Amino acid sequence: MTADSSPGAGWEIVVGLEVHCELSTATKLFCSCPNAFGAEPNTNVCPVCLGLPGSLPVLNARAVEFAIAIGSALGSSVEASVFHRKNYFYPDMPKDYQISQYDAPINVGGRVELADGSVVGIVRAHIEEDTGKTTHVGGGGRIHDADYSLVDYNRAGVPLVEIVSEPDIRSAEQARSYVNELRAILVATGASDGRMEEGSLRVDANISVRRAGDAEYGTRCEVKNLNSLRSLGRAVDYEAARQIAVLESGGRVVQETRHWNEDEGLTSPLRSKEEAYDYRYFTEPDLVPLAPPAAEIAAVAAGLGPLPAARRHRVADLVAADGSPAPVDQLTTVVGLGLDDLVRGAADHGADPRLALARAANEAANRPDDARALSPVAFAALVKLESAGKLSATQSKTVLAAMLEGGGEPAEIAARLGFETLGDAATEAAIDAVLAAHPVEWARYEQGDAKIAQFLLGEVMRATRGRANGKAVAASLEARRRN
Amino acid sequence: MSGAARDVPAGALATARAVRSGEVRAHQVSEAALARIAEFEGGLHCFNTVTADAALAAADAVDAAVAAGRDPGPLAGVPIALKDNLCTRGVATTAGSRILEGWLPPYDATVVRSVVAAGAVVVGKTNLDEFAMGSSTENSAFGPTRNPWDPGRVPGGSSGGSAAAVAAGLVPLALGSDTGGSVRQPASLCGVVGMKPTYGLVSRYGLIAFASSLDQIGPFAATVADAAALLDVIAGHDPADSTSLAVGFEPVSPRLDDGVAGMRVGVISDFLADASPSCVAAVRGAADVLGRAGAVVEEVAIPALMLGLSAYYLVAPAEASSNLARYDGVRYGLRVDGPDVTQMNGRTRSAGFGPEVKRRIMLGTYVLSAGYYDAYYGQAQRVRTLVARGFGDAYERFDVLVGPTSPTVAFEIGAKATDPLAMYLSDLYTIPTNLAGHPAVSVPFSLSEGLPVGVQVLAPALGEGAMFRAATVVERGADPQARGPIEPRAAKVAR
């Protein structure tokens, strides 16, 4: 935070995130029930994931592979690990304990490089099973005052990897950026579909504040129920402000678990440290220690494609060859949607990388599935038409939309749509007409009001239905002003 | 024996031979077993459920296989009783507890599938201490089982129903589970053979867990050979149990008669200090029998074994406290409603569990708690390692070990019911085997004032072959009057 006079001035926000990632396995972690979202309640269940008496877990080998892939992608040390039971009573947990990993997780350490180049350390990324899903009916939707509760065990036993970050995050924006980056990494490994809205990624935030420059961390609160990046950002800002207000009024922050209420935009206490569960962890006796052979770990790591940071770097290097850096948000978008290969392919075929990146990030990104199927040659051809001034920006976007819709060659589509950039004479004629119609604005422009140029350019483009070359129009206007 | 039973052979192997050859029909065998159950069940209470119709249908299927020339399996037509903590599809499985009242498992335990595939005919589910916690079967929510040798005495436990059913000749075979001696101790008290396999040799899938790292399913039979035949059927890798050993198991039956010439036998001296004189005498007698048969017999002190009991009563309750958490009234079994889910959980568990189960849940919860974990559970795990090491050292010098199974013969019903510590001591000599994951078998050897005394033969992991050979020799040197099946003295005792 900056040292100005706004609320929170002189304070530093410290955030560590726990991200639960559902793995994209075909079956659950300890049984062969389908791991699928959206089925009728309690249909993807069996004696094992219902925790029926006498049933026993058998570890899903694919889930272990995904966990290793995640660890490899995060730069973790992939180690021999042990499963533990985390004991507590909750109706959505069929066995009233969760099989998780405790003091010997499969992935130890690691780091995530964010789009802005900052780095967040990883403490661990361990395997555990998901719980069922409870719906509390009546009484405000919380368990203790509900009229009754319904439990769906379809999710019980779905494999998760919980990724715990170091408390390296310093703002709401960085928290969102971290989750975005993590999501891109998880999708790149194939371990997750990354869908926050379906609960594939769930985030808990450990938030504290301290005076800028303090070496010690403040007392933290864990905030749960963050169902979107937006919730995460709002909750970090709200909770930090709450803690700062407590401290500035001479109070103490109480270590507790808090619930984010999206509608009201605030956090409220769930349970205090004293009320915290004693999970009575002990080694899961129904499973054997997990010790993937070094060769298996190496094979999984070798099978990983390039990760988002590396892919961003590759596109950024192409774009920055013109002397100025590539826009970070565009890089993030194309890599996040898997359109970086399209940009690089277009560049290979002679397209301007910067324009290719812009078209991919701003237009092609609207139809990512179609865009990934686009031929780099055709995309390069489009970008080249625009660069050469043969298509205006507006026309280029329209042609691209048509290519995404139904494929085809950009030149043919442009011809079919009657898109040819106006000739110089027609363009000048259009400019003459616009200036004649707007003498007041022209006068202001002539007197140096640069902002009005956009209006005049827009009017020319409108008059030519986008067929004028915007750059040429701008150049002509400038030339006329000087004369 | 009574009418119907006279027409069918006694013993599992003899029965299977007769059924396979068509000499006798499985239907007839099952009818005889059901008739004998009907005659004695009222006095003994071996069973929680008798599945008469299903048994006769299964027997008919075996007969049909024989008639059609198909292989009906090595245990063709042999009636078998299952401890009521083994899941049976569509058949009540109570674990001796009210908390599972009304629950019908939707699946069969792996061992149940194995015995059925081998042609055995399941006749019912036998009584047990609630969740296998106990040494007398008095902790059953459905009332105690009585010892066929003396209806005033306990059959031992927790697999008391299975032991008594074999001892009374109601069935030639039964399955039990042994967490700290729950097969061997009742076998000793009832004068039958009872065996705990190497941990991981028999699948636990479908066994209602008490203490997962200690539980093993084991066979009961009147003879060593019958017990071996049942072990051969239930042993082997099961992918549904992650702790199941992925080793090729060599059946023990073909080599039972290979003898003990040159076998090195250690008599565990630590086990002789506090056992009753008759139990000590039985061990000495069995050692003599083995010596005369060519074994090299020596005494061996393994002091670490005496630490086992206290370690066990930390490890087993700890695991149990977690394993039994799922009985919360939410999904199956008993539910006692309350104003909210937490109170419903509490009321259900208060009403559904008996006092011994509650005691162990509380004990286990305590020892796993933050701040106590290392002093109790951690320490117990270290003691467990010491016990295993003590055995390991001994097995460098000996092929098998012998000792008493139980410190005493069958005690009177109620004698220890109010003194848990005295009850826990019943398993002093059986517990170390479970902690180490080793096999052991109890063989009836002698009578003491009309009550059977068993001797325990212990072996290292996967040492079942040598163990059964030694057990066969001990059995041949034993008092034939000391083993079942017998005519129960309990027939006329009202339940």
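Quick caveat: nothing in here was measured; it's all calculated off a predicted structure.

Asker: Any details on the overall build of chain B? Residues and values, ideally.
Answerer: Secondary structure assignment for chain B yields 16 helices and 11 strands. A compact globule built from 495 residues would reach a C-alpha radius of gyration of about 23 Å, and chain B, at 21 Å, matches this within 12%. For chain B, the spread of C-alpha atoms along the principal axes amounts to about 65 × 55 × 45 Å. Split into buried and exposed, the 495 residues of chain B put 64% on the buried side. Partitioning the intrachain contacts of chain B with sequence separation of at least 6 by distance along the chain shows that 77% fall at a separation of at least 24.

Asker: Now, about the overall build of chain A: what can you tell me, with residues and values included?
Answerer: Along the backbone of chain A there are 16 helices and 15 strands. On the principal axes, the C-alpha backbone points of chain A span a range of 85 × 55 × 45 Å. Of all intrachain contacts in chain A linking residues separated by at least 6 positions in sequence, the fraction that spans at least 24 positions is 68%.

Asker: Which residues make up the domain arrangement of chain A, and what values do they have?
Answerer: Quite often, the size of an interface is put as the accessible area lost when its parts meet. All names here are of chain A. For chain A, the domain assignment lists domain 1 (11-302), domain 2 (308-416) and domain 3 (424-482). Between the C-alpha centres of domain 1 and domain 2 the distance comes to 36 Å. With four residues, the top contributor of residues to the side of domain 1 that touches domain 2 is helix H2 (residues 172-189). Considering only residue class, the side of domain 1 that touches domain 2 consists of four nonpolar, no polar and three charged.

Asker: Help me get a handle on the domain arrangement of chain B, residues and values and all.
Answerer: All names here are of chain B. The domain architecture assigned to chain B consists of domain 1 (3-304 + 389-482) and domain 2 (310-381). A separation of 28 Å is found between the C-alpha centroids of domain 1 and domain 2. Listed as interface residues are 25 residues of domain 1 and, on the opposing side, 20 residues of domain 2. In the side of domain 1 that touches domain 2, the residues fall into 14 nonpolar, eight polar and three charged.

Asker: How would you sum up the sheet that holds strand S15 (residues 282-283) of chain A? Please name residues and give values.
Answerer: Strand order in this open sheet of three strands is S4-S3-S15 (chain A), and the pairing throughout is antiparallel. The two strands at the open ends of the sheet, each matched to only one other strand, are strand S4 (97-100) and S15 of chain A.

Asker: Please provide a residue-by-residue account of the interface of chain B and chain A, values included.
Answerer: Counting residues at the interface gives 34 residues for chain B, matched by 28 residues for chain A. Elements with a minimum of two residues in the side of chain B that touches chain A: helix H10 (308-323) and helix H11 (341-352) of chain B. If one sorts the elements of the side of chain B that touches chain A by residue count, H10(B) sits on top with three residues. Looking at side-chain class alone, the side of chain B that touches chain A contains 18 nonpolar, nine polar and seven charged residues.

Asker: Talk me through the environment of Arg220(A); I want residue IDs and the actual numbers.
Answerer: Residue and element names in this part refer to chain A. Mapping Arg220 onto the fold places it in the loop between strand S11 (201-211) and strand S12 (221-226). Note: C-alpha distance between Arg220 and Gly16 (204 residues apart in sequence) is 9.6 Å. Those residues in contact with Arg220 that sit more than four places away from it in its chain are Asn206, Ile207, Ser208 and Gln255.

Asker: Residues and numbers for unusual backbone geometry, please.
Answerer: All names here are of chain B. Note the cis peptide between Gly157 and Ser158, where omega equals 10°. Note that Ser158 resides in the loop between strand S3 (121-126) and helix H6 (160-167). Positioned with a positive phi, Ala95 is a non-glycine residue whose angle comes to about 55°. As for its position among the elements, Ala95 is in the loop between strand S2 (79-83) and helix H5 (110-117). Positive phi is not limited to glycine here, since Glu449 has a value of about 50°. Residue placement: Glu449 occurs in the loop between strand S10 (440-448) and strand S11 (451-458).

Asker: An account of the nonpolar core is requested, with residue identities and associated values reported.
Answerer: As a rule of thumb, nonpolar side chains are buried together in soluble globular proteins. With 171 residues, the main nonpolar core has Ile80(B), Leu290(B), Val400(B), Val457(B), Ala470(B) and Val474(B) as its most contacted residues. Ignoring sequence-local partners within four residues, the contact set of Ile80(B) consists of Val115(B), Ala120(B), Val121(B), Val122(B), Val123(B), Val171(B), Leu173(B), Ala174(B) and Leu175(B). Of all hydrophobic cores here, the second largest spans 109 residues; its members include Ala67(A), Ile122(A), Ala184(A) and Cys221(A).

Asker: Requested: an account of the packing of helix H1 (residues 61-73) of chain A against H2(A), with residues and values cited.
Answerer: Residue and element names in this part refer to chain A. Running from N to C, H1 and H2 point in directions that differ by 130°, and their axes come no closer than 10 Å. With respect to H2, the element H1 is oriented oblique. H1 and H2 meet at a crossing whose hand is right-handed. Contacts between H1 and H2 involve Ala69, Ile70 and Ala73 on the former and, on the latter, Ile185, Leu186, Ala188 and Thr189. Among the residues forming the contact of H1 with H2, the class breakdown is six nonpolar, one polar and no charged.

Asker: Would you mind going over the sheet that holds strand S5 (residues 193-196) of chain B in detail, with residue names and values included?
Answerer: Residue and element names in this part refer to chain B. Taken in spatial order, the 11 strands make up an open sheet running S1-S3-S2-S4-S6-S5-S10-S11-S9-S7-S8, and their pairing is mixed. The strands lining the two open edges of the sheet, one partner per strand, are strand S1 (47-50) and strand S8 (296-300). Averaged over all neighbouring strand pairs, the angle between strand axes comes to 30°, with direction disregarded. Here five bridges tie S2 to S3, and the two strands are oriented parallel to one another. Considered in S3, the bridge of Leu82 is made with Lys125.

Asker: Outline H1(A), listing residues and values.
Answerer: Residues and elements named next belong to chain A. The end-to-end C-alpha distance of H1 is 18 Å, a good match for the 18 Å that 13 residues give at a rise of 1.5 Å each. For H1, the tally of buried residues reaches 11 of 13 residues, placing the bulk of the element in the interior. Within the sequence span of H1, burial applies to Ala63, Val64, Glu65, Phe66, Ala67, Ile68, Ala69, Ile70, Gly71, Ser72 and Ala73. For H1, the secondary structure elements touched by its buried residues are strand S2 (77-78), strand S5 (107-108), strand S7 (119-129), strand S10 (159-165), H2 and helix H4 (294-302). At the exit of H1 stands Gly75, carrying a positive phi of roughly 75°.

Asker: I'd like a rundown of the environment of Ala393(A), residues and numbers included.
Answerer: Residues and elements named next belong to chain A. Residue placement: Ala393 occurs in helix H11 (residues 393-406). Sequence-wise, Ala393 and Arg467 are 74 residues apart; in three dimensions their C-alpha atoms are separated by 9.0 Å. When sequence neighbours within four positions are dropped, the list of residues in contact with Ala393 reads Glu386 and Gly470.

Asker: Can you tell me about the environment of Ala132(B), naming the residues and giving the values?
Answerer: All names here are of chain B. Tracing the backbone through its elements, the reader meets Ala132 in the loop between S3 and H6. Among the residues examined, Ala132 registers 30 C-beta atoms within 10 Å and is labelled buried. Taking C-alpha positions, Ala132 is 26 Å from Ala117, a pair spaced 15 residues apart along the chain. Non-local contacts of Ala132, meaning those with residues more than four positions away in its chain, are made with Asn85, Ser158, Ser177, Thr179, Ser182 and Phe210.

Asker: Pulling in residues and values, what's your account of the packing of helix H3 (residues 26-44) of chain B against helix H4 (residues 52-67) of chain B?
Answerer: Residue and element names in this part refer to chain B. Closest axis-to-axis distance for the H3/H4 pair is 7 Å, and the angle between their directions is 155°. The pairing of H3 with H4 is recorded here as roughly antiparallel in orientation. Crossing hand, H3 versus H4: right-handed. Here H3 contributes Ala26, His27, Val29, Ser30 and Leu34 to the contact with H4, which in turn contributes Ala52, Ala55, Leu56, Ala59, Asp60, Val62 and Asp63. For the contact of H3 with H4, a count of residues per class yields eight nonpolar, two polar and two charged.

Asker: Tell me what's going on with the pairing of S3(B), and back it up with residues and numbers.
Answerer: Here is the key point about a regular strand: its side chains alternate between the two faces of the sheet. Residue and element names in this part refer to chain B. Extensive coverage of S3 is indicated by the burial of six of its six residues. Direction of pairing for S1 relative to S3: antiparallel, over a ladder of three bridges. For Phe47, the partnering residue across the bridge sits in S3 and is Thr126.

Criteria and cut-off values
- Residues numbered from 1 in each chain as written.
- Chains lettered and ligands numbered in written order.
- Predicted model: local features only at pLDDT ≥ 70, side-chain atom pairs only at ≥ 80, totals over all residues.
- Helix = DSSP H or I, 4+ residues; strand = E, 2+ residues; numbered from the N terminus.
- Rg over C-alpha atoms; globule rule 2.2 N^0.38 Å.
- Buried ≥ 20, exposed ≤ 12 C-beta atoms within 10 Å, placed from the backbone.
- Contact = placed C-beta atoms within 7 Å.
- Domains from an automatic or database assignment.
- Nonpolar A, V, L, I, M, F, W, Y, C, P; charged D, E, K, R; others polar.
- Pairing = 2+ DSSP bridges.
- Core = buried A, V, L, I, M, F, W, Y, C linked by C-beta atoms within 7 Å.
- Axes fitted to C-alpha atoms, helices over the stretch in contact; angles between N-to-C directions.
- Parallel < 35°, antiparallel > 145°, perpendicular 65-115°, else oblique.
- Left-handed = near helix turned anticlockwise from the far one by under 90°.
- Expected span 1.5 Å × (residues − 1).

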